[in-house]
Amino acid sequence: SQGWRWAAPSGPVVAPAAARVDHAGPLSGWGQVVILDLGDGWRAVVAGLDTVEVEPGQGVADGQALGRA
């Protein structure tokens, strides 16, 4: 799958669904990144953040702030 891409306006970036944080922090060439485990083998990658407000292993709710763009 090629996934989906969209540009977020400056400000808070929120989780697209309830999930568990697999990765939160820098990733070479991608800036600050949050990788969410959505379950059933699905992952969501949120890249290009300026700051990250979550930690690996943390559960997040749909709409919860992950960081800022």
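Because the structure is a prediction, the values reported are computed rather than measured.

Examining the sheet that holds strand β5 (residues 51-52)
Turning to step 1, where the next piece is worked out: One open sheet accounts for 3 strands, arranged β1-β7-β5; its pairing is antiparallel. A strand with exactly one partner marks an edge of an open sheet, and here the two such strands are β1 (12-14) and β5.
Turning to step 2, where the next piece is worked out: Examined bridge by bridge, β5 and strand β7 (residues 65-68) share 2 bridges and lie antiparallel to one another. Each residue of the ladder has a partner; that of Thr-51, found in β7, is Arg-68.

Quick notes on the pairing of β7
Regular strands place side chains that alternate from one sheet face to the opposite one.
Turning to step 1, where the next piece is worked out: Across 3 bridges, β1 lies against β7 in antiparallel orientation. Residue pairing in the sheet places Pro-12 in a bridge with Arg-68 of β7.

Re the sheet that holds strand β6 (residues 59-60)
Turning to step 1, where the next piece is worked out: Spatially, the 4 strands line up as an open sheet ordered β4-β3-β2-β6, and their pairing is antiparallel. Two strands close off the open sheet at either side, each with one partner strand: β4 (42-49) and β6.
Turning to step 2, where the next piece is worked out: For strand β3 (residues 31-39) and β4, the ladder comprises 6 bridges, and the chain directions are antiparallel. Looking across to β4, one finds that Asp-37 is bridged to Arg-43.

Things to note about the confidence of the model for the protein chain
Turning to step 1, where the next piece is worked out: Model confidence for the protein chain is summarised by a mean pLDDT of 91, while 87% of its residues fall at 70 or above.
Turning to step 2, where the next piece is worked out: The secondary structure element of the protein chain with the lowest average pLDDT is β1, at 92, and the one with the highest is β6, at 98.

Here's the deal with the environment of Leu-38
Turning to step 1, where the next piece is worked out: Tracing the backbone shows Leu-38 in strand β3.
Turning to step 2, where the next piece is worked out: When neighbours within four sequence positions are excluded, Leu-38 is seen to be in contact with Ala-17, Ala-18, Ala-19, Arg-43 and Ala-44.

Considerations on the pattern of salt bridges
Turning to step 1, where the next piece is worked out: Going through the model one piece at a time under the given rule, you end up with 4 salt bridges.
Turning to step 2, where the next piece is worked out: A salt bridge links Asp-37 to Arg-20; the nearest nitrogen and oxygen atoms lie 3.2 Å apart. Of this pair, Asp-37 sits in strand β3 while Arg-20 is found in strand β2 (residues 19-27), placing the two residues 17 residues apart along the sequence.
Turning to step 3, where the next piece is worked out: Between Arg-43 and Asp-37 there is a salt bridge whose closest N-O contact spans 3.4 Å.
Turning to step 4, where the next piece is worked out: For Arg-43, a relative accessible area of 45% puts it in the partly exposed group.
Turning to step 5, where the next piece is worked out: Bridged by salt links that share partners, the residues Arg-20, Asp-22, Asp-37 and Arg-43 form one connected network.

Conventions we followed
Residues numbered from 1 in each chain as written. Predicted model: local features only at pLDDT ≥ 70, side-chain atom pairs only at ≥ 80, totals over all residues. Heavy atoms only, no water. Pairing = 2+ DSSP bridges. Helix = DSSP H or I, 4+ residues; strand = E, 2+ residues; numbered from the N terminus. pLDDT = per-residue confidence, 0-100. Contact = heavy atoms within 4.5 Å. Salt bridge = Lys/Arg side-chain N within 4 Å of Asp/Glu carboxyl O. Buried < 20%, exposed > 50% of the residue type's maximum accessible area, 1.4 Å probe, protein only.

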